[in-house]
Amino acid sequence: MKAIVRETYGPPEELQWGTADEPVIGDDDVLVQVVAAGVDQGVWHLVTGLPRAIRLAGFGVRKPKNAVPGMDVAGVVTAVGAHVTRFRAGDEVFGIGSSSYAEYAAVPAKNLVAKPANVPFTDAAAVPNSALAALQGLRKGDVQAGQRVLVIGAGGGVGSYAVQLAVAAGADVTGICSTAKTDFVRSLGADDVLDYTREQIIDGGRRYDLILDTGGNRKLRELRRALTSAGTLVIVGAEVGGWRQGIERQLVAMLLNPFIRQNLRSYVSGPNPADLQALADHLAAGTLRAPVDRTFPLAEAGAAIQYMRDGKAKGKVVLTV
Ligand SMILES: NC(=O)c1ccc[n+]([C@@H]2O[C@H](COP(=O)([O-])OP(=O)(O)OC[C@H]3O[C@@H](n4cnc5c(N)ncnc54)[C@H](OP(=O)(O)O)[C@@H]3O)[C@@H](O)[C@H]2O)c1
C-alpha cells in the first residue's frame, strides 16, 4: 500500500511518500481504509523523536518502531479481528491508531467509534486527539455553567475545541490567541477574545474560575494572578523545546498544589470510547464543529506537519487519502 514512511527520527520534511506492507490485524483490531488522517503536535513529537525521553516510552529507542507515522484516523472498515463485534466491513469510523498515514491502518476497536453520517471524513479525522484533550482537560478542571473560563492557545488544535466545549457547558469563555486568529476564535463562540501580542492578558484585573493552558508556557506565578482565589489551572502543555518540554512547570504545580487554595492540575489525555462517543454525538448534533483550517494530500504529510508546527493553522490540519 502507499504510505508515508521513515526509517529514522527526523524533521517532517524527511518523511517520504513510499510503500509499506498492508497491516495485519490482531483479534481486537479493525482494518480501516483510511480516508482522512489528522495532524497534531503529538505526531510531530513521534516523527522527530523529541523530546528524546519519549523514545524510551515504547516508541523505539534508536529508530521509530512504527515505520508509518500518524494517529488520528477516519475511514471505512474493511475487516475486523475475531473478537470484534461492534464493527463490520463497510462501517464508517473514526478514532486513534498508531500508523494512520497510509492507505490502510490497523486500529484497536476500542479506540474507534462510528462516524456520524452527517460528518465528513475530513472533519472526523480532525477530532480525536485534540478534542479528547480538550474534553478531558475541561473535565479535569471541573468546568461548570456560569464560570469564567480562560483558554490560552484558543486558536490551536486543543484550544479551538476547548472554547467550543466550554461554551457548550455554559461557561463564559475568553480565548487568548495571536492577531491572525482572533476572528477565528470569535467564530468558535468565545464571549471575549484577547490578542496576547497586543495587550497584557494577565493584568491583575480580570480573574477566571478556570484556566486551560495550551500554549505560551507562562510562569505559574503569572497564571495564578489571573485565577480567582479558589480557581483552577489545568496545564495541557506547551511547545517549549529542550528535553524537559516544560515538564518542570507541571512538577512545581503538583508540589505546590497541596499548600494553596487554588487548584493546579495537569493530565495526560487518551482514547476512551465513552469520550469519543460523546464527541461524535456533539458533532452529529452540531454542538461541536471540527475547525479544519486546511487539508493536504497524504503524500504531503511533511508539509502539513510543518504548517501546523509553524503556528499557521487556525484549528486543525488534515491529510486526505
Ligand atoms: N496533556 C495532554 O494530554 C495533551 C494532549 C494534547 C496536546 N497536548 C499539548 O498541548 C499543547 C497544545 O497542543 P495543540 O495541539 O493545541 O497545539 P497547537 O495546535 O500548536 O496550538 C497551540 C496554540 O498555542 C498558541 N500559542 C503559542 N504561543 C503562545 C503564547 N505565548 N501565548 C498564547 N498562546 C500561544 C498558538 O497560537 P498563536 O498563533 O495564536 O500563538 C497555537 O495556536 C502542545 O504542547 C501539545 O503537545 C497535551
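Residues numbered from 1 in each chain as written. Predicted model: local features only at pLDDT ≥ 70, side-chain atom pairs only at ≥ 80, totals over all residues. Heavy atoms only, no water.

Draft legend 1. Summary view of the pattern of salt bridges. Evaluated as defined, the whole model comprises eight salt bridges. Salt-bridge contacts for arginine 198 lead to aspartate 195; the nearest nitrogen and oxygen are separated by 3.8 Å. Of the residues examined, arginine 198 reaches a relative accessible area of 65% and is grouped as exposed. Measuring nitrogen to oxygen at the nearest pair gives 3.5 Å for the salt bridge that ties arginine 206 to aspartate 203. When its relative accessible area of 39% is taken as the criterion, aspartate 203 is described as partly exposed. (Salt bridge = Lys/Arg side-chain N within 4 Å of Asp/Glu carboxyl O. Buried < 20%, exposed > 50% of the residue type's maximum accessible area, 1.4 Å probe, protein only.)

Draft legend 2. Representation of the environment of threonine 8. The topology assignment puts threonine 8 in the loop between β1 (2–5) and β2 (16–19). When the C-alpha positions of threonine 8 and valine 234 are compared, they lie 34 Å apart, and in sequence the two are 226 residues distant. (Helix = DSSP H or I, 4+ residues; strand = E, 2+ residues; numbered from the N terminus.)

Draft legend 3. Fine view of helix α3 (residues 128–140). The terminal C-alpha atoms of α3, which comprises 13 residues, lie 18 Å apart, in line with the 18 Å expected from a rise of 1.5 Å per residue. When you tally the buried positions in α3, you get eleven out of 13 residues, the bulk of the element. Where α3 is concerned, the buried positions are Pro128, Asn129, Ser130, Ala131, Leu132, Ala133, Ala134, Leu135, Gln136, Gly137 and Leu138. Aspartate 142 occupies a position one or two residues after α3 and carries a positive phi of about 55°. (Expected span 1.5 Å × (residues − 1).)

Draft legend 4. Molecular detail of the pairing of strand β15 (residues 316–320). Of all the five residues making up β15, four are buried; the element is thus mostly covered by neighbouring parts of the structure. Note: strand β3 (residues 29–39) against β15, four bridges, orientation antiparallel. Bridge pairing in β15 places valine 39 opposite valine 317. As defined by bridge partners, strand β14 (residues 292–297) adjoins β15 across five bridges and the pair is classed as parallel. Paired with proline 297 across the two strands is threonine 320, which belongs to β15. (Pairing = 2+ DSSP bridges.)

Draft legend 5. Highlighting the layout of surface pockets. Empty space within the second largest pocket amounts to approximately 210 Å³. Along the walls of the second largest pocket sit 15 residues, with Arg6, Leu46, Phe59, Asn66 and Ser98 positioned nearest its centre. A per-class count over the lining of the second largest pocket returns eight nonpolar, five polar and two charged. (1 Å grid on protein atoms, 1.4 Å probe; cavity = no way out; pocket = protein on both sides within 12 Å on 5 of 7 lines; lining within 4 Å. Points joined across faces, edges and corners; volume = space filled by probe spheres on them. Nonpolar A, V, L, I, M, F, W, Y, C, P; charged D, E, K, R; others polar.)

Draft legend 6. The arrangement of the site of the ligand in detail. The ligand sits among 24 residues. The nearest are Gln41, Ser178, Tyr196, Glu239 and Ser269. A distance of 3.2 Å separates an oxygen atom of the ligand from a polar backbone atom of glycine 156. Taking valine 158, its main chain carries an N or O atom lying 2.8 Å from an oxygen atom of the ligand. (Near = heavy atom within 4 Å. Polar contact = N/O pair within 3.5 Å; in protein donor to acceptor, adjacent residues only side chain to side chain.)

Draft legend 7. Seen up close, the sheet that holds strand β9 (residues 172–177). With parallel pairing, six strands are arranged side by side in an open sheet as β10-β9-β8-β11-β12-β13. The open sheet has two free edges, formed respectively by β10 (192–195) and β13 (263–266), since each of these has just one partner strand. Direction aside, neighbouring strands of the sheet carry axes that sit 15° apart on average. The pairing of β9 with β10 spans four bridges and is parallel. If you follow threonine 174 over to β10, its bridge partner there is aspartate 192. (Axes fitted to C-alpha atoms, helices over the stretch in contact; angles between N-to-C directions.)

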